[in-house]
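Residue-level structural notes
So you can see what is in the structure, the chains are spelled out below.
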Amino acid sequence: MTDAVGSIDTPDAQDEVAESKKRTRKGGKRAKKGPLKRLAIFYRQIIAELRKVVWPARNQLTSYTTVVIFFVAIMIALVTVIDYGLNHAAKYVFG
């Protein structure tokens, strides 16, 4: 069989796989920093991400809150009705 560039049958391809396994670093940049420094960086990143957030206006927040409360009330009523019906059905079937 002829040797093709990048062929799996050639010994070069096996050498590349072996070299890529050798090049992996242990720890990377994190190994150089202590746990408190990493924690501080983590909190700085959280604050930076929170600054990117587009916060809703008071008007939008009020309407979203109203919709959520209304939806939760409807779901509570629905689950209550289903529970009540299944309770009576179980009492009817099992005595």
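Residues numbered from 1 in each chain as written. Predicted model: local features only at pLDDT ≥ 70, side-chain atom pairs only at ≥ 80, totals over all residues. Heavy atoms only, no water.

1. Considering the overall build of the chain
Our working rule: Each helix is a run of H or I in the DSSP string that is no shorter than four residues. Each strand is a run of E no shorter than two, and both are numbered from the N terminus. Relative accessibility decides the category of a residue: with a 1.4 Å probe and only protein chains considered, values under 20% of the type maximum give buried, values over 50% give exposed, and everything between is partly exposed. Only the protein chains shown count as covering a residue, and every accessible area follows the Shrake-Rupley method with a 1.4 Å probe.
Within the chain one finds 3 helices and 0 strands. When the helices and strands of the chain are listed from N to C terminus, the series reads α-α-α. Here the chain, with 95 residues, has 2% of them falling under the buried criterion. Surface accessibility of the chain: about 9,500 Å² in total, with carbon and sulfur atoms responsible for 64%.

2. A look at helix α3 (residues 58-94)
Defined as follows: Every helix has an expected span of 1.5 Å times one less than the residues it contains.
Given a rise of 1.5 Å per residue, 37 residues ought to cover 54 Å, and the 53 Å separating the end C-alpha atoms of α3 matches this to within 8%. Two residues or fewer past α3, glycine 95 is found with a positive phi of approximately 95 degrees.

3. A closer look at the UniProt feature "transmembrane region" (unreviewed entry) in the chain
Test applied: UniProt positions are given in the numbering used here, feature names are shortened, and annotations may be inferred rather than shown by experiment.
Look at the UniProt record and you will see "transmembrane region" (unreviewed entry) annotated at residues 61-82. Taken end to end, residues 61-82 has its terminal C-alpha atoms 32 Å apart, with 100% of it in helix and 0% in strand.

4. Topic: the pattern of salt bridges
To keep it simple, the criterion reads: Whenever Lys or Arg places a side-chain nitrogen within 4 Å of a carboxyl oxygen from Asp or Glu, that contact is recorded as a salt bridge.
On inspection of all chains with the given rule, the structure shows 1 salt bridge. As a salt-bridge pair, lysine 52 and glutamate 49 come within 3.2 Å of each other at their nearest N and O atoms. Placement of both lysine 52 and glutamate 49 in helix α2 (residues 35-52) is noted, with a separation of 3 residues, approximately one turn of the helix. The class of lysine 52 is exposed, set by a relative accessible area of 59%. Residue classification places glutamate 49 among the partly exposed residues on the basis of a relative accessible area of 47%.

5. What to know about the confidence of the model for the chain
The line we're drawing: The predictor attaches a confidence to each residue, called pLDDT, with possible values from 0 through 100.
Averaged over every residue, the pLDDT of the chain is 82; the share at 70 or more is 67%. The secondary-structure element of the chain with the lowest mean pLDDT is helix α1 (residues 11-22), recorded at 57, while α3 shows the highest, at 97.

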